[in-house]
Amino acid sequence: PGGLDTRLMRHETERNMRLFDHLIAWELTRGDFRVEAIEHRSSFGRNEARLQLRLDRIDRLAGGELVIFDYKTGTPEKFEPDEIRPRHPQLPAYAVTTGAQTAAVAALYLTREGIRMRGVSDQDGRIPQLRASRPDRPDWTTRLAHWRLALEGLLDEFLSGEARVMPLEGACDRCHLQMACRIQPNPETDHEPDDA
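Residues numbered from 1 in each chain as written. Predicted model: local features only at pLDDT ≥ 70, side-chain atom pairs only at ≥ 80, totals over all residues. Heavy atoms only, no water.

Asks: Kindly report on the side chain of arginine 60, identifying the contributing residues and their values.
Replies: Inspection of the secondary structure puts arginine 60 in strand β2 (residues 49-61). From its side chain, arginine 60 meets the backbone oxygen of glycine 64 in a polar contact 2.6 Å long. Excluding its chain neighbours within four sequence positions, the residues that come into contact with arginine 60 are Phe33, Arg34, Glu36, Glu65, Leu66 and Gln101. (Helix = DSSP H or I, 4+ residues; strand = E, 2+ residues; numbered from the N terminus. Polar contact = N/O pair within 3.5 Å; in protein donor to acceptor, adjacent residues only side chain to side chain. Contact = heavy atoms within 4.5 Å.)

In structure tokens:
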């Protein structure tokens, strides 16, 4: 209620300036592009169920292709574009809603050490630090079709009330709800009661 402490505000301002310096230096390494949209609203869904999306930034490259950026801070998370069941569906949803002109989607992490990129492109060289998927992986059109089907499948599961327990690898490592969990048997109740 009293506002931010002046020292805290100064430190936050200095931090933000360093992050913007990293971003500007990275942007200067890119080829020609123009910012097409910022905070672009879109939606994805089927029939009555629509997910409202807000794409942080859409760039148009010199050849007309679109690149979608999602700004992040913190530790960069792994992005696996070919997962059957996407654990991070945000980037695939952005690509699907922007359509066939989309050539890359990326989470752009602003870190103390500089810019870190997680995502995928249809070909190498579109975005610095962002690689195309390996040649043995699906081509871009196939990938977009896969993403659409995977996202529609997740949405259908949600609408049908499906609630299978399917934790991601490592999800239980730091969870504080293990006593109420359906994933692993509770060690305190997993044995026969003692005869007294």
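Asks: Give a description of the nonpolar core that names residues and reports values.
Replies: Counting 21 residues, the largest nonpolar core has Val105 and Trp147 as its most contacted members. Those elements giving two or more residues to this core turn out to be β1 (33-46), β2, β3 (66-73), α2 (90-98), β4 (102-111) and α3 (140-159). Ranked by residues supplied to this core, first place goes to α2 with five residues. Membership of the second largest hydrophobic core comes to 14 residues, among which are Leu23, Phe69, Met117 and Leu130. (Core = buried A, V, L, I, M, F, W, Y, C linked by side-chain atoms within 4.5 Å. Buried < 20%, exposed > 50% of the residue type's maximum accessible area, 1.4 Å probe, protein only.)

Asks: Quick rundown of the pattern of salt bridges? Include the residues and the values.
Replies: Per the stated rule, a full pass over the model turns up 17 salt bridges. A salt bridge links aspartate 5 to arginine 7; the shortest N-O distance between them is 3.4 Å. Look at arginine 7 and you get exposed, because its relative accessible area is 53%. Across the pair arginine 30 and glutamate 27 runs a salt bridge, and its minimum N-O distance is 3.0 Å. By the burial criterion, arginine 30 is buried, and glutamate 27 matches it. (Salt bridge = Lys/Arg side-chain N within 4 Å of Asp/Glu carboxyl O.)

Asks: Which residues make up α3, and what values do they have?
Replies: Here α3 is 20 residues long and its end C-alpha atoms lie 29 Å apart, about the 28 Å a rise of 1.5 Å per residue gives. Where α3 is concerned, the buried positions are Trp140, Arg143, Leu144, Trp147, Ala150, Leu151, Glu152, Leu155 and Glu157. Buried-residue contacts for α3 involve β1, β2, α2, β4 and β5 (114-121). Two or three places before threonine 141, at the start of α3, stands the capping residue aspartate 139, its side-chain oxygen 3.3 Å from that residue's backbone nitrogen. Within two residues after α3, glycine 161 carries a phi angle of roughly 80 degrees, on the positive side. (Expected span 1.5 Å × (residues − 1).)

Asks: An account of the packing of aromatic side chains is needed here, citing residue identities and associated values.
Replies: Following the criterion strictly, the structure yields three aromatic pairs and no others. When the ring of tryptophan 140 is compared with that of tryptophan 147, the centres are 5.9 Å apart and the planes differ by 80 degrees; the resulting orientation is edge-to-face. The residues tryptophan 140 and tryptophan 147 share a single accessibility class, namely buried. An aromatic cluster is present here, built from Phe79, Trp140 and Trp147 joined pairwise through their rings. We note arginine 30 situated over the ring of phenylalanine 33; from NZ or CZ to the ring centre the distance is 3.7 Å. (Phe/Tyr/Trp six-rings, centres within 6.5 Å; stacked < 30°, edge-to-face > 60°. Lys NZ or Arg CZ within 6 Å of the ring centre and 35° of its normal.)

Asks: Break down the pairing of β4 for me, citing the residues and quoting the values.
Replies: Counted residue by residue, β4 has ten buried out of ten residues, so it is predominantly covered. One crossover worth recording links β3 to the parallel β4 by way of α2, and it is right-handed. Here eight bridges tie β4 to β5, and the two strands are oriented antiparallel to one another. Looking at β5, one finds that alanine 107 is bridged to arginine 118. Between the antiparallel neighbours β4 and β5 lie two residues. (Right-handed = clockwise from strand over helix to strand, strands pointing away. Pairing = 2+ DSSP bridges.)

Asks: Any chance you could break down the sheet that holds β3 for me, citing the residues and the numbers?
Replies: Taken together, five strands build an open sheet; the order of strands is β1-β2-β3-β4-β5 and the sheet is mixed. At either end of the open sheet lies a strand with only one pairing partner, and these are β1 and β5. Each strand axis lies, on average, 35 degrees off the axis of its neighbour in the sheet, ignoring direction. One ladder, built from eight bridges, connects β3 with β4; its direction is parallel. When the bridges of β4 are listed, tyrosine 71 appears paired with leucine 108. Where helix α1 (residues 6-27) meets the sheet, its contacts fall on β1, β2, β3, β4 and β5, and the angle it forms with β4 comes to roughly 145 degrees. (Axes fitted to C-alpha atoms, helices over the stretch in contact; angles between N-to-C directions.)

As far as function goes, none of this settles anything; it's purely spatial.
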